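Summary of structural features
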Amino acid sequence: MTGFPYTKTDLLGDFWGIVEQTILQFGSKDLIVTKIGSLTFSQVWSISNLVFHHIQNVTKKTKTGVGIFARDPRVTIPCMLGVMKAKDYFVMLDVTLPETALLSMIKDANIKIILTTAQFVNTIRNMVDESVKVIDLDSLDAALKIETPQVNYSPEDVIQIIYTSGSTGKPKGVIEDYRYLIRSVVTRREAYSFNSHD
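So, here's what we can say about the structure. Residue numbers here run from 1 along each chain, matching the order of that chain's written sequence. Reporting of local features is limited, given that this is a predicted model, to residues whose pLDDT is at least 70; pairs of side-chain atoms are given and counted only at 80 or more, and all residues count toward the totals for whole chains, interfaces and linings. Just so you know, side-chain values use all the structure's heavy atoms and leave hydrogens and water out.

Turning our eyes to something else, we now look at the pairing of strand 5 (residues 111-116). Partly exposed residues are those whose accessible area sits between 20% and 50% of the maximum for their type, while under 20% is buried and over 50% is exposed, using a 1.4 Å probe and protein chains only. Helix and strand definitions follow DSSP, with helices as H or I runs of at least four residues and strands as E runs of at least two, each counted in order from the N terminus. By the criterion of burial, strand 5 is predominantly enclosed, with five of the six residues buried. By the bridge criterion, five bridges tie strand 3 (residues 65-69) to strand 5 in an arrangement that is parallel. From the neighbouring strand, Gly67 faces strand 5, where its bridge partner is Ile114. Strands are treated as partners if at least two bridges between them are detected by DSSP. By the bridge criterion, four bridges tie strand 5 to strand 6 (residues 133-136) in an arrangement that is parallel. The residue bridging Thr116 from the neighbouring strand is Asp136, located in strand 6.

On to helix 4 (residues 99-108), then. Taken together, the buried positions of helix 4 are Ala101, Leu102, Ser104, Met105 and Ile106. We call two residues in contact when some of their heavy atoms are within 4.5 Å. Turning to helix 4, the residues buried within the fold contact strand 3, strand 4 (89-92), strand 5 and strand 7 (158-163). Phi turns positive, to about 55 degrees, at Asn110, one or two residues after helix 4.

Right, let's get into unusual backbone geometry. One non-glycine residue, Lys87, adopts positive backbone phi at about 65 degrees. According to the relative accessible area criterion, Lys87 is partly exposed, its value standing at 39%. With a phi close to 55 degrees, Asn110 is a non-glycine residue in the positive phi region. Counting through the fold element by element, Asn110 comes out in the loop between helix 4 and strand 5. For Asn110, a relative accessible area of 44% corresponds to the partly exposed category.

The following block contains the structure:
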């Protein structure tokens, strides 16, 4: 298919190489567009490298659960990529959930780092103890240039834990790895026939 010729086998074998090639190909084009702003492919990639750098400074390359507490996709998507580059796994923490549900997810997923913005940083810091590192993304030096890391991964590496809302009880987590992500990408490509113009 035009603009996305990769198969499931291609993606499993060289996921990050293909992603980086796509970034280089469409660098100046918008990747994320919202009512309040946008980010190009290159900007998303640079921010994700910055997120990777700060996570690595905390984890020292030990696989760690990372919570993402934000609403704006211009924040959440680079954070997801940055966490994956660090070979950690992320959990999306819904900002509308009650504190009891959030704390349950943080404990269950063994989250040791939470990425958030200035809007929510005090909320999170008042919620967790000192064993959880809270990183205010708005305070990071966006001018700092971080080289793209070499990511060695296996298809079985966990990249995300998705939780139910917990509205009927304790939130339940579902573990997702690269195989799930790639299967999802390929299924969507086949269902919606998206291409380089989408």
